[in-house]
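# Working through the structure, step by step
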Amino acid sequence: MAKPIVAIVGRPNVGKSTFFNYIVGEKISIVEDKPGVTRDRIYADSNWKGRDFTLIDTAGIEEKSEDKINVSMREQVDIAISVADVIIFLTDIKQGVTEADKEISLLLRKSKKPIVLVCNKSDTFGENPDIYEFYNLSLGEPFAVSSVNASGIGDVLDEIYKYFPKEQENTNSDGIIKVALIGKPNVREIFFNKQNIRYK
Ligand code: GDP
Ligand code: MG
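Below you will find a few notes about this structure. (Residues numbered from 1 in each chain as written. Chains lettered and ligands numbered in written order. Predicted model: local features only at pLDDT ≥ 70, side-chain atom pairs only at ≥ 80, totals over all residues. Heavy atoms only, no water.)

With that settled, consider the sheet that holds strand β4 (residues 86-92). Here we have six strands laid out as an open sheet, ordered β2-β3-β1-β4-β5-β6, and mixed in their pairing. The strands lining the two open edges of the sheet, one partner per strand, are β2 (43-48) and β6 (143-144). When strand β1 (residues 5-9) meets strand β3 (residues 51-57), the two strands line up parallel, connected through four bridges. Bridge pairing links Ile-8 to Asp-57 in β3. Packed onto the sheet, helix α1 (residues 16-24) meets β1, β2, β3, β4 and β5 (115-120) and runs at close to 160° relative to β3. (Pairing = 2+ DSSP bridges. Helix = DSSP H or I, 4+ residues; strand = E, 2+ residues; numbered from the N terminus. Contact = heavy atoms within 4.5 Å. Axes fitted to C-alpha atoms, helices over the stretch in contact; angles between N-to-C directions.)

Given below as structure tokens:
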């Protein structure tokens, strides 16, 4: 049975690797103060409500980082759109909505994939007025989480769970999804077989 694939996208330094590590329960992705540092394993299996799923930190393929959207970030979004059943769009509530966030939102909205908008670094409990501007991204209700104190993450998992394909759907004869990515001078291929993800 194919596992649902959940991809995390977002600008450098919003906390994607921290969020990923919290959910998979191990320090797999490297967390750094410097943007764009993820260079490590970027996929792992997890389970919610008895359902296994594969989580991908798509930023693992970033080659360089800038605060503005760049080719790498577009690729990251393209990968998410190609392989994921559900996309988690992570933003930083302390920084607010940035131009890059707006550009990513546009790409994600066009994809028609289920998107869950998450405002990370919501470290204080209670009413959070900073969250309201995120409604302007037109991606539905934003979820406030803190990946460092682990608040709000269960609500995000409940939300992604709603979009998991029914158990009998999404099976593929050899279990392999091959995605060709165009957007660079060379076409890059990703072979994704649920156990292993490989970039060429
Ligand atoms: P990525 O580039 O999006 O993968 O971001 P990282 O996971 O590497 O995190 C970037 C920085 O943000 C690190 O210093 C993290 O400790 C910090 N960070 C991540 N999540 C949170 C959070 O929920 N609250 C706060 N205050 N800092 C966070
Ligand atoms: Mg990272």
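That was the structure; now back to the text.
The nonpolar side chains of soluble globular proteins are, as a tendency, buried together. Counting residues in hydrophobic clusters, the biggest one holds 22 residues, and the most contacted among them are Phe-19, Phe-53, Leu-55, Ile-88, Val-118, Val-156 and Ile-160. Those elements that provide at least two residues to this core are β1, α1, β3, β4, β5 and α4 (153-162). Every residue in contact with Ile-88, bar those within four places of it in the chain, is listed here: Val-6, Ala-7, Ile-8, Val-9, Phe-19, Val-116, Val-118, Val-156 and Ile-160. Counting residues in hydrophobic clusters, the runner-up holds 20 residues, among them Ala-7, Met-73, Val-97 and Leu-108. (Core = buried A, V, L, I, M, F, W, Y, C linked by side-chain atoms within 4.5 Å. Buried < 20%, exposed > 50% of the residue type's maximum accessible area, 1.4 Å probe, protein only.)

We now examine the pairing of β3. Judged by how many residues are buried, β3 sits mostly within the fold: six of seven residues are covered. From the end of β2 to the start of β3, which pair antiparallel, there are two residues, and Lys-49 there has a positive phi angle of about 50°.

What follows covers the layout of surface pockets. To find leftover empty space, one rolls a probe the size of a water molecule over the atoms. Put simply, the second largest pocket is a space of about 240 Å³. In terms of residue class, the lining of the second largest pocket is built from six nonpolar, six polar and two charged. (1 Å grid on protein atoms, 1.4 Å probe; cavity = no way out; pocket = protein on both sides within 12 Å on 5 of 7 lines; lining within 4 Å. Points joined across faces, edges and corners; volume = space filled by probe spheres on them. Nonpolar A, V, L, I, M, F, W, Y, C, P; charged D, E, K, R; others polar.)

The next point concerns α4. Those residues of α4 that sit buried are Ile-153, Val-156, Leu-157, Glu-159 and Ile-160. The buried residues of α4 all sit within an arc of 160° when viewed along its axis, so they share a single face. (Arc of directions from axis to C-beta.)

Below, the discussion takes up the packing of aromatic side chains. Under the counting rule described, the total for this entry stands at three aromatic pairs. Judged by centre distance (5.5 Å) and plane angle (40°), the ring pair of Phe-53 and Phe-164 falls under tilted. With Phe-53 in strand β3 and Phe-164 in the loop between α4 and β7 (177-181), this pair connects stretches of sequence that are 111 residues apart. Judged by its relative accessible area of 0%, Phe-53 falls in the buried class. Between Tyr-132 and Tyr-135, the aromatic rings sit 6.3 Å apart at their centres with planes inclined by 15°, giving stacked as the arrangement. Positioned above the aromatic ring of Tyr-161 is the side chain of Lys-49, whose terminal nitrogen or guanidinium carbon lies 4.9 Å from the ring centre. (Phe/Tyr/Trp six-rings, centres within 6.5 Å; stacked < 30°, edge-to-face > 60°. Lys NZ or Arg CZ within 6 Å of the ring centre and 35° of its normal.)

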